[in-house]
Amino acid sequence: MRVFSGGIWEEKYGYSRAVVVGERVIVSGCTATVAGEVRHPGDAYRQSLTAIDIALEAVAKGGLTVEDVVMVRYYVVDQHHFDLAGKAIAEVFGEVRPACTGVRVAGLVDPKMLIEIEIEAMRA
């Protein structure tokens, strides 16, 4: 099963917001882009929360919940954003404690994007 959010990049680049395979939901990288507009310019923390919300909406459409999240990957464009993204991840997933990887990258699709987050969830 494929999950679509209607985001501009999905159609343009030919991918799904998420793919459901059996008891697993794999969510593509999510940024703070809503209705084609990058939200919270300059604020990596709020962009992180927005990206997580978008990703968790896809997890829910795939039939799972935040408690089923087993992996979070995040990509930041500035070294100083690791702690801000980590704060958002801890707030949302603190009780779940999924595996997590953070990577610094040279840039994302839009220069206003400070963070991109991928999530994987699996029914135990």
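Our structure's up above, just so we're on the same page.
Thresholds applied
Residues numbered from 1 in each chain as written. Predicted model: local features only at pLDDT ≥ 70, side-chain atom pairs only at ≥ 80, totals over all residues. Heavy atoms only, no water. 1 Å grid on protein atoms, 1.4 Å probe; cavity = no way out; pocket = protein on both sides within 12 Å on 5 of 7 lines; lining within 4 Å. Points joined across faces, edges and corners; volume = space filled by probe spheres on them. Helix = DSSP H or I, 4+ residues; strand = E, 2+ residues; numbered from the N terminus. Nonpolar A, V, L, I, M, F, W, Y, C, P; charged D, E, K, R; others polar. Core = buried A, V, L, I, M, F, W, Y, C linked by side-chain atoms within 4.5 Å. Buried < 20%, exposed > 50% of the residue type's maximum accessible area, 1.4 Å probe, protein only. Contact = heavy atoms within 4.5 Å. Pairing = 2+ DSSP bridges. Axes fitted to C-alpha atoms, helices over the stretch in contact; angles between N-to-C directions.

Chemist: Teacher, can you tell me more about the layout of surface pockets here?
Modeler: Empty space among the atoms can be located by rolling a probe the size of a water molecule over them. Put simply, the largest pocket is a space of about 370 Å³. In terms of lining residues, the largest pocket is bounded by 23 residues, among which Gly-7, Trp-9, Arg-17, Thr-31 and Thr-33 are the most central. Looking at the lining of the largest pocket, the elements that each hand over two or more residues are α1 (8-13), β3 (24-30), β4 (33-34) and α2 (44-61). Considered class by class, the residues forming the lining of the largest pocket number 10 nonpolar, eight polar and five charged.

Chemist: Would you mind going over the nonpolar core with me for this structure?
Modeler: As a rule of thumb, nonpolar side chains are buried together in soluble globular proteins. Grouped together as the largest cluster of nonpolar side chains are 28 residues, with contacts concentrated most on Val-27, Val-59, Tyr-74, Phe-93, Ile-117 and Ile-119. Of all the secondary-structure elements, those providing two or more residues to this core are β2 (18-21), β3, α2, β6 (69-76), α3 (81-93) and β8 (115-122). Among the elements that take part in this core, α2 stands out by supplying eight residues, more than any other. Non-local contacts of Phe-93, meaning those with residues more than four positions away in its chain, are made with Ile-52, Leu-56, Val-66, Val-69, Val-72, Pro-98 and Ile-119.

Chemist: What is the right way to read the pairing of β2 from this model?
Modeler: Taken residue by residue, a regular strand's side chains alternate between the two faces of the sheet. Alternating residues of β2 divide into Ala-18 and Val-20, all buried, and Val-19 and Val-21, none buried. With two bridges joining them, strand β1 (residues 2-3) and β2 adopt antiparallel strand pairing. Its bridge partner lying in β2, Arg-2 is registered against Val-19. Across four bridges, the pairing between β2 and β3 is antiparallel. Of the residues in β3, the one forming a bridge with Ala-18 is Val-27. If you look at the hairpin formed by β2 and β3, you'll find two residues sitting between the two strands, and Gly-22 has a positive phi there, around 60 degrees.

Chemist: Got a minute to help me understand the environment of Glu-57 in this structure?
Modeler: Counting through the fold element by element, Glu-57 comes out in helix α2. When the C-alpha atoms of Glu-57 and Glu-23 are compared, they prove to be 16 Å apart, with 34 residues separating the residues in sequence.

Chemist: Explanation requested: the sheet that holds β6 in the structure shown.
Modeler: Sheets are built from strands that pair by backbone hydrogen bonding, the pairs being arranged parallel or antiparallel. The mixed open sheet is built from six strands, whose spatial order is β1-β2-β3-β8-β6-β7. Lying at the two open borders of the sheet, with one neighbouring strand each, are β1 and β7 (99-104). Bridge count between β6 and β8: seven bridges; the pairing is antiparallel. Considered in β8, the bridge of Val-72 is made with Ile-119. Packed onto the sheet, α2 meets β1, β2, β3, β6 and β8 and runs at close to 30 degrees relative to β8. On top of the sheet, α3 reaches β6, β7 and β8; it is set at about 160 degrees to β6, its chief contact.

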